[in-house]
Amino acid sequence: MNQVVRTNEGIFSQGQGDYLDKIARELSAACRAGDLAAAYRVILPYDPSELTPIAFRAGFSCIGARPRSQYMQHLQRQIADAARLRVDGWELRNVSKAG
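Predicted model, so just to flag it, every value in this text is computed and none were measured.

Below, the discussion takes up the overall build of the protein chain. Helices and strands together make up the secondary structure of the protein chain, namely 5 helices and 2 strands. Its helices and strands in sequence order give the protein chain the pattern β-β-α-α-α-α-α, from N to C terminus. Relative to its 99 residues, the protein chain shows a buried fraction of 36%. In the protein chain, the proportion of contacts linking residues at least 24 apart, taken out of those at least 6 apart, comes to 51%. Summed over all atoms, the accessible surface of the protein chain reaches about 5,800 Å², with 52% contributed by carbon and sulfur.

Bringing unusual backbone geometry into the picture now. Of note, Arg86 is a non-glycine position whose phi angle comes to about 60°, a positive value. Following the sequence through the fold, Arg86 ends up in the loop between helix H4 (68-85) and helix H5 (89-98).

Before going further, it helps to examine H4. With 18 residues, H4 extends 26 Å from end C-alpha to end C-alpha; this agrees with the ideal 26 Å at 1.5 Å per step. Inspection of H4 places Tyr71, Met72, Leu75, Gln78, Ile79, Ala82 and Ala83 among the buried residues, and these make up the whole buried set. The buried residues of H4 all sit within an arc of 135° when viewed along its axis, so they share a single face. Across H4 from its buried face, at more than 90 degrees, point the exposed residues Ser69 and Arg84. Tucked into the core, H4 has its buried residues touching helix H1 (18-32), helix H2 (36-43), helix H3 (48-57) and H5. Where H4 terminates, the next one or two residues include Arg86, which has phi positive at roughly 60°.

On average, residues of the protein chain carry a pLDDT of 85, and 83% of them reach 70 or more. For the protein chain, strand E1 (residues 3-7) is the element with the lowest average pLDDT, namely 48, and H2 is the one with the highest, namely 97. Considering only residues more than four positions removed or in separate chains, one finds that residues 1-12, a stretch of pLDDT under 50, has 29 contacts.

Moving on to the nonpolar core. Among the nonpolar cores identified, the biggest contains 23 residues, and Leu27, Cys31, Ile43, Leu51, Phe60, Leu75 and Ile79 are the most heavily contacted of them. Mapped onto this core, the elements with two or more residues apiece are H1, H2, H3 and H4.

Running from amino to carboxyl end, H1 crosses H3 at an angle of 60°, the nearest separation of the two axes being 8 Å. Helix-helix and strand crossings are classified by hand; for H1 and H3 the assignment is right-handed. Taking contact as the criterion, the partners of Leu20, Asp21, Ile23 and Ala24 in H1 are, on H3, Pro53, Ile54 and Arg57.

If you walk through the whole model with that rule in mind, you get 4 salt bridges. Across the salt bridge formed by Arg57 and Asp21, the nearest N and O atoms sit 2.6 Å from each other. Residue Arg57 is found in helix H3, and its partner Asp21 is found in helix H1; the two are separated by 36 residues along the sequence. When its relative accessible area of 18% is taken as the criterion, Arg57 is described as buried. The partner of Arg32 in a salt bridge is Asp88, and the shortest N-O contact between them spans 3.4 Å. Placement of the pair is Arg32 in helix H1 and Asp88 in the loop between H4 and H5, with a sequence separation of 56 residues. A relative accessible area of 2% means that Asp88 is categorised as buried.

About the cut-offs
- Residues numbered from 1 in each chain as written.
- Predicted model: local features only at pLDDT ≥ 70, side-chain atom pairs only at ≥ 80, totals over all residues.
- Heavy atoms only, no water.
- Helix = DSSP H or I, 4+ residues; strand = E, 2+ residues; numbered from the N terminus.
- Buried < 20%, exposed > 50% of the residue type's maximum accessible area, 1.4 Å probe, protein only.
- Contact = heavy atoms within 4.5 Å.
- Areas by Shrake-Rupley, 256 points an atom, 1.4 Å probe, with all protein chains shown as cover.
- Expected span 1.5 Å × (residues − 1).
- Arc of directions from axis to C-beta.
- pLDDT = per-residue confidence, 0-100.
- Core = buried A, V, L, I, M, F, W, Y, C linked by side-chain atoms within 4.5 Å.
- Axes fitted to C-alpha atoms, helices over the stretch in contact; angles between N-to-C directions.
- Left-handed = near helix turned anticlockwise from the far one by under 90°.
- Salt bridge = Lys/Arg side-chain N within 4 Å of Asp/Glu carboxyl O.

See the structure below:
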């Protein structure tokens, strides 16, 4: 059984998604560090079907049924904003709501 856990690093499941959680943590850490290049290095090896659960775990939204270029453009915009503000995807949502 997977248990969802909220930490200071984001929301992650315990169980089968350990590998995806690790990648999501790397993405979140790179964004919080303001390291856009590192964040992009985390996501670029994956296709959208693999990347969607990673992005969701890191707090980013995804669009479905689009060509890879549109999918990546949508996600990369969010990651760039998060890295610029030095927040993860979850914190970026809070910034968007507040501002």
